[in-house]
Amino acid sequence: MLGSGIFVLPGIAAAKTGPSIWMAYLLSGLCVLPAALSKSELATAMPTSGGTYIYLERVFGPLFGTISGFGLWFSLLLKSSFALVGVSAYLFVLANVPLKVTSLVLLFIIIGLNIMGVKKVGLAQLIIVSISLLGLIAVSILGVFRLEPANLEPAFTEGMSGFIGAIGFVFVSYAGVTKVAAIAEEVKNPGKNLPRAILLALILIGIIYGSVVFVLVGNIPIAELSTDLKPIHTLFLTLGGPIAGTIAAVLGVITLSSMANSGVLSASRFPFAMSRDHLLPPAFHKVSSKFLTPYVCILVTGALMACMILFLPIDRIVKLASAFMIMMFVGVNASVILLRETGVEWYKPEYRAPFYPWIQIFGIVSGGVLIAVLGGLALIGAVVITLAGILVYQFYGKKHSNRKGIWQLYGLRSILGSNTKRRTTMSAMELQELEEKYLGDTEDEGEAAIVVPLFGNERSPEMLTEIASALKDGEKVQVVHLTEAPEQTMLTAMIEDNLPVQSLNRRLSAMAEEKNIQIEFDTSVTHELLETVQAISERTDCQWMVMGISGRLGHGSWIRNPIKWLLAHLDCNLGLFRDAGVRYIREILVYPEHNADDLLVTSTSDHLASIYNAQLTFVRVLPLEASEQEIETEQAYIEQLGRTCDSPTHFKVIPAKDESDTIMEVSAGYDLLVMGMPKEVPFFQMILGSRKDDLFEKVACSVLELATPKSGDNETKK
């Protein structure tokens with residue numbers, strides 16, 4: 001982090017907004033905070049994955065992985081090019097050398113060092129950073145006492161648009177704050193130490209940036225500072241004379257050279273990783289037989305850096321580097337939202353970012369604003385990188401990579417593809433395993449009427465299985481314990497029984513014997529949880545799929561929408577059960593809603609009541625201002641439904657101010673609430689959560705939510 005962002009950038013950044021540039025540094029750090037928290041979470045969930053590129057590729061798939069790989073590659077090589085220009089500027093103080101020629105010579109040396117495998121030495125890096133920090137802290141303290149108030153006015157020379165643009169412009173200064181996440185597997189207790197380290201680094205560097213830049217603008221007039229590529233040398237010279245200026249120049253050369261070397265080292269690894277994932281040609285992961293370094297990637301990275309040094313003005317280099325980094329940080333924030341909301345089973349981070357999802361939303365929105373105010377060049381750069389990624393993926397990566405991201409498996413199809421044709425994406429091995437496991441000898445065993453997939457977070461698998469069995473009394477129940485593995489994990493490494501699964505099998509067997517329920521128990525490991533559930537339902541030709549859900553349903557909560565996907569692809573009835581801990585069902589509350597599922601809700605409630613010897617209460621809630629005629633119409637409707645039942649029935653029509661609050665209050669007197677599942681949810685309810693989400697999550701009793709297959713297009717299985 002400590003490099004060109006403070007040794008070179010403050011001068012040209014000050015030209016964007018004036019003396020307020022120190023505040024722009026602080027607010028830029030605030031905009032980085034969501035990505036820092038999100039990346040801490042991602043790193044503790046995927047500690048061996050290798051950084052931002054891998055997170056984005058695993059979450060959004062190889063197409064976005066290609067785009068993000070290019071974005072990260074270019075942001076780092078742009079920042080390194082900027083650092084080399086800064087080295088030349090500081091070197092010019094010590095020797096009268098031409099700027100661009102010197103930058104290219106230094107680049108040539110650094111490329112040679114990287115090919116030969118001479119990396120930064122930890123002790124030397126520690127010494128360099130320590131001396132730089134001490135020097136910057138000392139000059140900040142000294143400079144505070146020599147401020148010229150006139151230099152601080154006017155604070156916003158280019159208005160608020162210039163100030164916001166400056167926030168985005170200096171964003172690249174914080175690019176290194178999350179780099180430690182790439183080596184999370186080497187960090188002791190990463191769930192605590194990784195976020196602490198990242199947040200501490202962000203806070204400390206933000207304070208240093210803000211205080212040093214404040215001293216800069218307070219001691220050096222903006223007119224002089226705005227064209228200065230060596231502002232730290234100028235500050236040392238102003239406060240301490242020629243000797244201090246020379247020390248600053250030496251410090252700048254060493255620090256920026258070290259940073260440029262680190263940048264080339266890191267940047268060249270992105271095309272290497274992309275090639276290894278079959279998103280770029282194999283030439284990019286060729287390794288030197290002598291030095292064991294990816295020399296092709298290093299040479300291509302160096303060539304691109306040379307072009308940027310030669311042909312791009314320095315402010316455009318910075319602007320593009322910041323824009324690409326902002327894009328990647330937006331992707332990191334979106335990744336956390338998608339992983340949490342899809343409920344991917346393998347996603348179990350030791351650390352969870354606080355203030356979810358608002359901190360991620362702030363990061364996404366602020367990132368979008370900053371890219372917009374950076375201007376046309378930043379937008380053009382973003383479009384060019386995106387198009388380049390799309391073209392490379394379409395003409396090469398698509399043919400060689402069969403990976404799929406979480407977004408492809410859950411998010412995109414859930415939002416846009418509720419009625420799209422299913423494409424089989426399971427591996428041949430998984431399909432064969434499923435056929436052997438669930439087709440079996442159907443003449444001997446018969447088909448399962450009910451399938452109960454278990455995902456490991458059910459409150460009581462026994463109660464869930466009992467409820468499922470009650471839906472088709474006397475029929476066989478197929479219970480399948482499913483484990484979703486990250487795509488980078490081989491399934492064969494996880495196909496083995498573990499103790500919790502053995503215990504679960506024993507418990508279900510005991511319950512089946514006591515309740516006289518026919519249960520068959522199996523386990524399965526998969527990369528694609530939803531499609532495995534769908535495949536099992538096809539192969540068993542089941543009539544019901546019953547799942548235990550805790551918390552929000554998913555059909556009205558942000559991007560997570562696996563339930564909608566299942567509704568579009570299952571050929572059986574779907575039941576979602578939230579277990580509130582009730583073990584004796586004597587009172588059932590039925591909540592019809594004048595839709596196609598009302599008959600299913602009514603018949604299922606009546607069947608459950610006959611199994612548990614319970615009585616039914618049909619309830620409808622109307623607005624307080626409802627007329628007598630409206631109340632009578634509702635009463636007639638629920639009584640008509642009740643006449644189809646054999647169990648004892650009661651009816652309630654309640655005028656109330658809030659429907660959800662009333663149902664929640666009424667539910668305290670019942671053991672089970674049975675209701676239908678909405679087929680379509682307005683967009684704003686996807687963002688804020690729907691009324692059904694609140695009911696499913698907060699009512700006092702257990703809840704069973706039901707839906708017919710294919711959004712009611714097919715005939716309900718009886």
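Anything mentioned here points back to the structure above.
This one's a predicted model, so the numbers in the text were calculated from it and none came from an experiment.

Reading guide: rules and limits
- The residue count restarts for each chain, going from 1 along the sequence in the order it is written.
- pLDDT decides what is reported in this predicted model: residues at 70 or higher carry local features, side-chain atom pairs at 80 or more are listed and counted, and totals for whole chains, interfaces and linings draw on all residues regardless.
- Hydrogens and waters are ignored; side-chain quantities use all the structure's heavy atoms.
- A run of H or I in DSSP becomes a helix once it reaches four residues, and a run of E becomes a strand once it reaches two; helices and strands are each numbered from the N terminus.
- Think of it in three bands: with a 1.4 Å probe and only protein chains considered, a residue is buried below 20% of the maximum accessible area for its type, exposed above 50%, and partly exposed in between.
- Contacts were defined at the residue level, with two residues in contact if any of their heavy atoms lie within 4.5 Å.
- Surface accessibility in these figures is a Shrake-Rupley result with a 1.4 Å probe; residues are shielded only by whichever protein chains are displayed.
- Residues grouped as a nonpolar core are buried Ala, Val, Leu, Ile, Met, Phe, Trp, Tyr and Cys residues, joined through side-chain atoms within 4.5 Å.
- When DSSP finds two or more bridges between two strands, those strands count as paired.
- Structural elements are reduced to axes, namely lines fitted to C-alpha atoms, with helices fitted over the stretch in contact, and the angle between N-to-C directions of any two is expressed from 0 to 180 degrees.
- For this classification, under 35 degrees means roughly parallel, over 145 means roughly antiparallel, 65 to 115 means roughly perpendicular, and everything else is oblique.
- Residues are grouped as follows: Ala, Val, Leu, Ile, Met, Phe, Trp, Tyr, Cys and Pro are nonpolar; Asp, Glu, Lys and Arg are charged; all remaining types, including Gly, are polar.
- Salt bridges, as used here, are contacts in which a Lys or Arg side-chain nitrogen is within 4 Å of a carboxyl oxygen on Asp or Glu.
- Patches in this entry comprise residues that are over 30% relatively accessible and not in a salt bridge; like charges within 9 Å are linked, as are nonpolar side chains (Val, Leu, Ile, Met, Phe, Trp, Tyr) within 5 Å.

So, the overall build of the chain
- The secondary structure content of the chain amounts to 28 helices and ten strands.
- Scored against the burial criterion, the 718 residues of the chain give a buried share of 57%.
- Long-range pairs, those at least 24 residues apart, make up 84% of the contacts in the chain with a sequence separation of at least 6.
- Counting every atom, the chain has about 29,700 Å² of accessible surface; 61% of that belongs to carbon and sulfur.

Comments concerning the nonpolar core
- One finds Ile 6, Leu 9, Ile 21 and Ile 232 to be the most contacted residues of the largest nonpolar core, which totals 126 residues.
- The leading source of residues in this core is helix α14 (residues 314–342), at 17 residues.
- Apart from the residues lying within four places of it in its own chain, the contact partners of Ile 232 are Ile 6, Phe 7, Tyr 90, Leu 136, Val 212, Leu 216 and Ala 248.
- Among the nonpolar cores identified, the runner-up in size contains 43 residues, and Val 590, Val 601, Phe 618 and Leu 622 belong to it.

Observations concerning the sheet that holds strand β1 (residues 450–454)
- Spatially, the ten strands line up as an open sheet ordered β3-β2-β1-β4-β5-β10-β9-β6-β7-β8, and their pairing is mixed. Both edges of this open sheet fall to β3 (519–526) and β8 (649–656), since each of them pairs with a single strand only. When strand polarity is set aside, the average angle formed by the axes of neighbouring strands in this sheet is 25 degrees.
- Bridge count between strand β4 (residues 544–548) and strand β5 (residues 573–578): five bridges; the pairing is parallel. Bridged to Met 547 within β5 is Leu 576.

Examining the packing of helix α6 (residues 99–115) against helix α13 (residues 295–311)
- Where α6 meets α13, the axes come as close as 10 Å, and the angle between the chain directions of the two elements is 170 degrees. It follows that α6 is roughly antiparallel to α13 by the angle criterion. On α13, the residues that touch Lys 100, Ser 103, Leu 104, Leu 107, Ile 111, Asn 114 and Ile 115 of α6 are Tyr 295, Ile 298, Leu 299, Gly 302, Met 305, Ala 306, Ile 309 and Leu 310.
- Per-class residue counts for the contact of α6 with α13 are eleven nonpolar, three polar and one charged.

Examining the pattern of salt bridges
- Within this structure, the stated rule accounts for seven salt bridges.
- Between Asp 228 and Lys 230 there is a salt bridge, with the nearest N and O atoms lying 3.9 Å from each other.
- A salt bridge links Arg 620 to Glu 634, with the shortest nitrogen-to-oxygen separation between them at 2.9 Å. Placement of Arg 620 in strand β7 (residues 615–623) and of Glu 634 in helix α25 (residues 628–642) is noted, with a sequence separation of 14 residues between them.
- In this structure Arg 620 comes out as buried when scored by relative accessible area, which is 10%.
- On the accessibility criterion, Glu 634 (10% relative accessible area) is buried.

Observations concerning a nonpolar patch on the surface
- Residues Leu 63, Val 383, Leu 387 and Ile 390 make up a contiguous nonpolar surface patch of roughly 300 Å² in combined accessible area.
- With three residues, helix α16 (residues 376–400) is the single largest residue contributor to the nonpolar patch.
- Position of Ile 390 among the secondary structure elements: in helix α16.

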